[in-house]
Amino acid sequence: MEAVSSSKYSANLDALKEIAPELASRLAHRSHSFYKLKLTSANDFSIGDEAFYGGDGQKETLVQLQNFRRSPTHYSLSFKNTPNAQNLHQKVINQLNEAANRLGRKDGKPYASNLIALGCGMGYHLTQLSEEFSLKHIVLVEPSDAQLLALLELGDLHSLVASCKSNGGTVHILQPKSVPEFSRAMLDIFDHNGWGFLAEVTLYRHYNSELFDAVMGQFAEMRQGWLSAWGFFDDELIGLKHSVANAKKHVFRVNRNTVNLRTNLPVLIIGNGPSLDNELEYIKEKQRDFIIVSCGTAIAPLRKSGIQPDFHAEMERSLFTARVQAPWFEPSFAKNVTLLALNTVAQEITNLFPKAILFSKKNDVGKAVLSQACGVDLTDLSYCNPTVTNFAVGAIASLGFTNINLVGCDYGFKEDTHHHSRTSDYYDFKGPLKTVRYKSEIKVRGVDGNLIHSNRIFNQARLSMERLSRKLVGYQLSNCSAGASISGFRQRSLKSIDVPAITKAAELDSFLRQQPLATLDLDIERVLPMFNEMIRLSEALPLNNCMSICEHLVERLRQLRYSSEASAAWVLFSGSFKYLSVCIDGHLARLDKKHHAEFFEVAGQAISEMNTQANLRLKQIKENLGEI
């Protein structure tokens, strides 16, 4: 190895050993010539024969920073007040918002941020941004070892690490080879260092590469994914109560050897997207030839068009769903339809159907309690969120239907006035959905190659469907909708689907009779240890030192995440803790430091009260489990 004696290099290498020891060891034992790295001037270097900056690196970086400041890529996240909130985490958010506003919360550019830097070069941009912001975490994305070696020679990594440590964070160095690998690495950072990272994020690209350009282009979508499906304490308790009540009356799909239980009968998964309007007439004409699954609010267009579904799918636990949907489920209709539902769906819906098949939701407190109480291997569904069409595909596939066709599953819209079927309850101006509006948040590629409008929920539904498709090996998956393009689903017209010359009713009835379904025999005594553990964890968050609230939240999330004994508690508490981590870090980034102590005092009292209330609710449910 070429000898390097500069004090800057030594200090930077020591800092790298602290944050990334394996990387430091690799760089320390390889020479400049190994990486074809040459220091060409005081502020430039070359890899191979090409100079990186082609001039004074500091001056080039200052010009780049000036351009960045004119149009910075920065993401802020905050949560609004909810008057008369009942959810425990929202009550705390309300108190934190009021305290922050009273203490002079700053709008516009925050005092502090977290930085994701794509590319290191000599690292001068990192130093400048660190001086401009009070950076808690710096995530440096640099796949090139040669670039990182240049940073050790020319940059000031030692000072960056020290600065981040003084702000309660650190420097992370990532070397991903793809966007999914980058996203997974970021999730690991959130898990270990706190989800408050997402409150204020500055994204900076130092140079162009295929990977960096892809990260920039997909970052908004990735961020939406990181912020999705958190859940929260009160919602999980609602699902738990519904799960126990449903288990006492309805059968559940269970795991048995059903490898040969398959049918190629064509199934239509019918969502309530705008393109459904163009298919209703044909579906009505051919309804005897298809297995029809109505999904959530798609029931209104189907019923109005005279279409009788074979299955109806529901997944929402909210009683608002019952208010919207129940009027369509009169006895004469429900007796001829099999309900497919998650364990969390309210009995105000499930009890309307004489025939119902329930499925357990993966990573759900209700599912954990049912499994423990009955000792039966329930059929878990993955990728069954965030829309009912995601659940419907997972449920139908698990039953053994292999010919699955999406209709009205648009996951986007071309006009903001036409975001669902025009014959659905969204356009009933006397109904409960009359005030619901959908706005464009991002644009995605449509099936015709043009961009269409979408939002966080729709886009996550599309991505979840794509992930599920990768699990359904050997299934025939088609997208007959006219909305977003869905990878893994062949785009085709509904009229092109071949229909078998069979008697659908007889075939379907025979197929369903072979399904491994079970009535659950609940032994409540078996779940008491699980409840005791959740109750213990709700008590074990002392906040005597208010200045360490953020650290307590991070540590508690880490304990819940990586403890097998606390898996149910992780699902129960993690979402609420994520919301509070983001809320607290977001306010701290916009408050003058002289007000931090007072803010922490408010936060400590609010979170302590939340824990007390959570503990009380868990004890009440434990005492009344047998009566639900």
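Residues numbered from 1 in each chain as written. Predicted model: local features only at pLDDT ≥ 70, side-chain atom pairs only at ≥ 80, totals over all residues. Heavy atoms only, no water.

Caption draft 1: Layout of the nonpolar core. The biggest cluster of nonpolar side chains holds 154 residues, and the ones touching the most others in it are Ile116, Met186, Ile269, Phe391, Ile396, Phe573 and Ile584. Among the elements that line this core, the one with the most residues is helix α23 (residues 567–588), at 13 residues. Setting aside its immediate chain neighbours within four residues, Ile116 contacts Val139, Val141, Phe182, Met186, Phe197, Val201, Thr202, Leu203, Tyr204 and Phe219. Counting residues in each nonpolar core, the second largest holds 40 residues, with Ala24, Leu115, Leu140 and Ile173 among its members. (Core = buried A, V, L, I, M, F, W, Y, C linked by side-chain atoms within 4.5 Å. Buried < 20%, exposed > 50% of the residue type's maximum accessible area, 1.4 Å probe, protein only. Helix = DSSP H or I, 4+ residues; strand = E, 2+ residues; numbered from the N terminus. Contact = heavy atoms within 4.5 Å.)

Caption draft 2: Broad picture of the confidence of the model for the protein chain. Taken over all residues, the pLDDT of the protein chain has a mean of 91, while the share at 70 or more is 96%. Every residue in residues 1–5 is under pLDDT 50, and counting partners more than four places away or in other chains gives twelve contacts. (pLDDT = per-residue confidence, 0-100.)

Caption draft 3: Summary view of helix α6 (residues 124–132). Within α6, seven of the nine residues are buried, which leaves it mostly tucked inside the rest of the structure. Inspection of α6 places Tyr124, His125, Leu126, Thr127, Gln128, Leu129 and Ser130 among the buried residues, and these make up the whole buried set. As for α6, its buried residues are in contact with α4 (57–70), β5 (112–118), β6 (134–141), α8 (157–166) and β8 (200–205).

Caption draft 4: Up close: the pairing of strand β19 (residues 476–479). Relative to β19, strand β16 (residues 401–407) runs parallel, the two being bridged by four bridges. Counterpart to Ile404 in the pairing with β19 is Leu477. (Pairing = 2+ DSSP bridges.)

Caption draft 5: Focus on the sheet that holds strand β7 (residues 171–174). Judged by pairing direction, the sheet is mixed, and its five strands sit side by side in the order β4-β8-β5-β6-β7 without closing on themselves. A single partner strand is all that each edge strand has here, and the edge strands are β4 (73–76) and β7. Mean inter-strand twist for the sheet, computed between neighbouring axes without regard to direction, equals 20 degrees. Inspection of the sheet shows β6 paired to β7 by four bridges, in the parallel sense. (Axes fitted to C-alpha atoms, helices over the stretch in contact; angles between N-to-C directions.)

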